[in-house]
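Okay, here's what each chain looks like letter by letter:
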Amino acid sequence: MGQNPNPYLQVKWALDKQARDAAQQGLPVVIGIPTMSFGEFDPGRTTGRFVLEMANRTLPGFVEGRRNVIYAGDAGRGLVRVCEDGRVGERYLLAGENLTMSELMGKISKATGGPMPKSIPLPAARLVSVLQSARYKFLRGPEPKISSSAIAVMASGQFISGEKAARSLGFKPEVSVDEAIHRTLRWFQSQGMVASN
């Protein structure tokens, strides 16, 4: 990931390296890394945006890739376990279900009743991102729906194993991805963020 030029991924890589270096110097650092999360109390600007925009029929598409998805509440429980029982200097992946983006979009489509969005080829998605970002920056247009960070996250994802956290910390997720999506959707609806269709 350190070779990826995207600023969002660069910052994550740099923070991880800084934390590991500090642990080697004696600071009691333990690293917990949740995967892509869905759940309540999401302002709709990160991963929850997929649910919100599909419910509102405004999602323009997605970039194919591999993801691991976990319920945000399970991720929070996992982070507590990492803090309580993790070994200094160790990393723990808090993983849920491995899904392709197509599979994830299918689950969100089913939950929201929205149409299945189309997969956008990576070069086309990058071009749209540049155009939308320029319009937003220079012409005070709408906020980009496809950011370079979102593209980088979708396209550079991978399937992940949470075996280390399960073995060392006894951590396993309790809520399925389908239920996590439903909880996310219900929360957006309770906040009046989903339009009547």
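Residues numbered from 1 in each chain as written. Predicted model: local features only at pLDDT ≥ 70, side-chain atom pairs only at ≥ 80, totals over all residues. Heavy atoms only, no water.

J.: So what exactly am I meant to see when it comes to the overall build of the chain here?
T.: Secondary structure summary: the chain contains 8 helices and 5 strands in total. Listing each helix as α and each strand as β along the chain from the N terminus yields α-β-β-α-β-α-β-β-α-α-α-α-α. Scaling as 2.2 N^0.38, a compact globule of 197 residues should have a C-alpha radius of gyration of about 16 Å, and the chain matches this with 18 Å. Considering only C-alpha atoms, the chain reaches an extent of 50 × 35 × 25 Å along its principal axes. Counting every position in the chain, which comprises 197 residues, the buried fraction comes to 37%. Total accessible area on the chain stands at roughly 11100 Å², and carbon and sulfur atoms take up 55% of it. Taking the 25 positively charged and 17 negatively charged side chains of the chain as two groups, their mean positions are separated by 7 Å. (Helix = DSSP H or I, 4+ residues; strand = E, 2+ residues; numbered from the N terminus. Rg over C-alpha atoms; globule rule 2.2 N^0.38 Å. Buried < 20%, exposed > 50% of the residue type's maximum accessible area, 1.4 Å probe, protein only. Areas by Shrake-Rupley, 256 points an atom, 1.4 Å probe, with all protein chains shown as cover. Lys, Arg positive; Asp, Glu negative; His and termini not counted. Charge placed at Lys NZ, Arg CZ, Asp CG, Glu CD.)

J.: Even after reading the chapter, I still don't get the packing of helix H2 (residues 48-55) against helix H8 (residues 177-190), so can you show me in this structure?
T.: Helix packing for two helices is described by the angle between their axes and how far apart those axes are. For the pair H2 and H8, the least separation of the axes is 10 Å and the interaxial angle reads 60 degrees. Seen along the crossing, H2 lies across H8 with a hand that is right-handed. Contacts between H2 and H8 pair Gly48, Val51, Leu52 and Ala55 from the former with Ile181, Thr184, Leu185 and Phe188 from the latter. Considering only residue class, the contact of H2 with H8 consists of 6 nonpolar, 2 polar and no charged. (Axes fitted to C-alpha atoms, helices over the stretch in contact; angles between N-to-C directions. Left-handed = near helix turned anticlockwise from the far one by under 90°. Contact = heavy atoms within 4.5 Å. Nonpolar A, V, L, I, M, F, W, Y, C, P; charged D, E, K, R; others polar.)

J.: What am I meant to see in the packing of helix H4 (residues 101-112) against H8 here?
T.: H8 packs onto H4 with a crossing angle of 50 degrees between their chain directions and a minimal axis gap of 10 Å. If you check the angle between H4 and H8, you find them oblique. Note that H4 runs across H8; the crossing there is right-handed. Seen from H4, the contacting residues are Leu104, Lys107, Ile108, Ala111 and Thr112; seen from H8, they are Val177, Asp178, Ile181, His182 and Leu185. Partitioned by chemical class, the residues of the contact of H4 with H8 number 6 nonpolar, 2 polar and 2 charged. (Parallel < 35°, antiparallel > 145°, perpendicular 65-115°, else oblique.)

The values reported here are purely geometric and, on their own, carry no functional implication.
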